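Summary of structural features
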Amino acid sequence: MDLDAYRAAHEKEWTRLEQLSSKRALSGAEADELIARYQSAASDLSVLQATAGSTVDGERLSVLLSRARLRFTSPGANVWTQLGEFFVLQLPAALYRLRWLTLAVALATVAIAAAWAIWLINDPQLLHNLGSESELRQFADHDFVNYYSEHASASFAGQVWTNNAWIAAQCVAFGITGIWVPYVIAQNAQGLGQSFAIMHSFDRGGEFFLYIAPHGMLELTAIFVAAAAGLRIFWAWVAPGTRTRAAALAEDGRALITVALGLVIVLFISGLVEGFVTGSSLPWAVKIGIGAAVLAAFLFYMIVIGRRATRLGATGDLNEQDAGARRIYAG
């Protein structure tokens, strides 16, 4: 190909595309012309790349096409604007939608844990099926308490954070099955009930609550929220309402995966409390006060900020443009 001749034949068209791309405002006719010249220049670029490979003219056309494309497509929002919308509107709105289901999950967990504890406490033989007398005493006298202080605070905080964040993500991601979330709730409640029963049997029931309370208030609440999000996604395809099942899953899935992202931060905070506060030498009143403070801050964000975001129209889902068309219409 004679590149000089090809450039001379199309120079006016490329220059016109550059002029249209640089204008601050376009009339209707100019907008139509911009699209037509964009398509023509794209064909020219394809010819250049196919016949001559990488050339100066090809690089110039690529830049012109990029500029022209920005005139009829919206550029992405500023990352700081997107982060602000996420934390001020999308995340609190998604959390607020789950407030009652979160409460239901919390009550179910407490009920199951209490049932396990009562059953084991009232039947010593069942309790001893969990281990020998020496093993249970070792757990009550040493292992339960030492768990919070036997590792360096930073590494322990990181360990519990990643573990809990993974559980929360699983609840949201696998909630659609309708099986995983009840399994996680039952398993978590069983562990709490068994631990309390063992501690109570050796007159250390009070220590159980003291060591669980500082970090557990926020940590367990976060798991309850994740479980509620998973159940909500499951219910979206069971009872989609006026929406199709595909649309219901898409909308609720997009909105509630936001919760999983937000809970990573919440569980990071609870991990810091568990790593640096629960096993520390601070007075218990201070430890529990710190735990109550971070829980209160989260509930304020979930309920008060969430209610405000919901009233402003936020749902946690993408906006209409980012989500794309829901249904194709003819004409």
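What comes next is a walk through the structure. (Residues numbered from 1 in each chain as written. Predicted model: local features only at pLDDT ≥ 70, side-chain atom pairs only at ≥ 80, totals over all residues. Heavy atoms only, no water.)

It is worth spelling out the pattern of salt bridges at this point. Under the counting rule described, the total for this entry stands at 10 salt bridges. With a closest N to O distance of 2.9 Å, Arg37 and Glu33 form a salt bridge. Residue Arg37 and its partner Glu33 are both found in helix α2 (residues 28-52); the two are separated by 4 residues, about one turn of the helix. You can call Glu33 partly exposed: its relative accessible area is 23%. (Salt bridge = Lys/Arg side-chain N within 4 Å of Asp/Glu carboxyl O. Helix = DSSP H or I, 4+ residues; strand = E, 2+ residues; numbered from the N terminus. Buried < 20%, exposed > 50% of the residue type's maximum accessible area, 1.4 Å probe, protein only.)

What follows deals with the packing of aromatic side chains. Counted by the stated rule, this structure contains 17 aromatic pairs. Aromatic side chains Tyr6 and Trp14 sit 6.5 Å apart centroid to centroid with 50 degrees between the ring planes, which places their arrangement in the tilted category. Comparing Tyr6 with Trp14 shows no difference in burial state: the two are buried. Seen from their ring centres, Phe144 and Tyr211 are 6.4 Å apart, and the 80 degrees between their planes marks the pair as edge-to-face. Here Tyr211 lies in helix α10 (residues 205-238) and Phe144 lies in helix α7 (residues 133-146), a separation of 67 residues in the sequence. The buried category is assigned to Phe144, whose relative accessible area is 7%. Grouped by ring-pair contacts, the aromatic residues Phe139, Phe144, Tyr147, Tyr148, Phe196, Phe208, Phe209, Tyr211 and Trp284 constitute a single cluster. Cation over ring: Arg99 sits above Tyr96, and NZ or CZ is 3.9 Å from the ring centre. Looking at Lys287, its charged tip hangs above the ring of Trp284, at a distance of 3.8 Å from the centre. (Phe/Tyr/Trp six-rings, centres within 6.5 Å; stacked < 30°, edge-to-face > 60°. Lys NZ or Arg CZ within 6 Å of the ring centre and 35° of its normal.)

The contact between helix α8 (residues 153-173) and α10 brings their axes to 7 Å, and the two run at 20 degrees. Relative to α10, α8 is oriented roughly parallel. Of the two elements, α8 crosses α10, and the hand of that crossing is right-handed. Taking contact as the criterion, the partners of Asn164, Ile167, Ala168, Cys171 and Val172 in α8 are, on α10, Glu219, Ile223, Ala226, Ala227, Ala229, Gly230 and Ile233. (Axes fitted to C-alpha atoms, helices over the stretch in contact; angles between N-to-C directions. Parallel < 35°, antiparallel > 145°, perpendicular 65-115°, else oblique. Left-handed = near helix turned anticlockwise from the far one by under 90°. Contact = heavy atoms within 4.5 Å.)

This next bit is on helix α9 (residues 180-201). Its 22 residues place the ends of α9 32 Å apart at the C-alpha level, agreeing with the 32 Å of an ideal helix rising 1.5 Å per residue. Against the buried residues of α9 lie α5 (99-121), α6 (124-128), α7, α8 and α10. Just downstream of α9 lies Asp203, where phi reads positive at about 60 degrees. (Expected span 1.5 Å × (residues − 1).)

Taking 1.5 Å per residue, 23 residues should reach 33 Å; α5 reaches 33 Å between its end C-alpha atoms and fits that length. Taken residue by residue, α5 has Thr102, Val105, Ala106, Thr109, Ala113, Ala117 and Leu120 as its buried positions.

Angle between the axes and distance between the axes are the two parameters that describe a pair of packed helices. Contact geometry of helix α1 (residues 3-22) with helix α3 (residues 56-72) gives a least axis separation of 10 Å together with a crossing angle of 25 degrees. By the angle class used here, α1 and α3 are roughly parallel. Crossing geometry of α1 relative to α3 is assigned as left-handed. Every residue of α3 that contacts α1 at Leu3, Arg7, Glu11, Trp14, Thr15, Leu17, Glu18, Leu20, Ser21 and Ser22 is listed here: Asp57, Arg60, Leu61, Leu64, Leu65, Arg67, Ala68 and Arg71.

One finds Phe144, Val225, Val259 and Leu263 to be the most contacted residues of the largest nonpolar core, which totals 54 residues. For this core, the secondary-structure elements that each account for two or more residues are α4 (79-96), α5, α7, α8, α9, α10, α11 (245-278) and α12 (284-311). With 14 residues, the top contributor of residues to this core is α10. If we skip the residues at most four places from it in the chain, Val259 touches Leu91, Ala94, Leu95, Leu98, Val225 and Ala229. Residues Trp14, Leu34, Ala41 and Leu61 belong to the second largest nonpolar core, which totals 13 residues. (Core = buried A, V, L, I, M, F, W, Y, C linked by side-chain atoms within 4.5 Å.)

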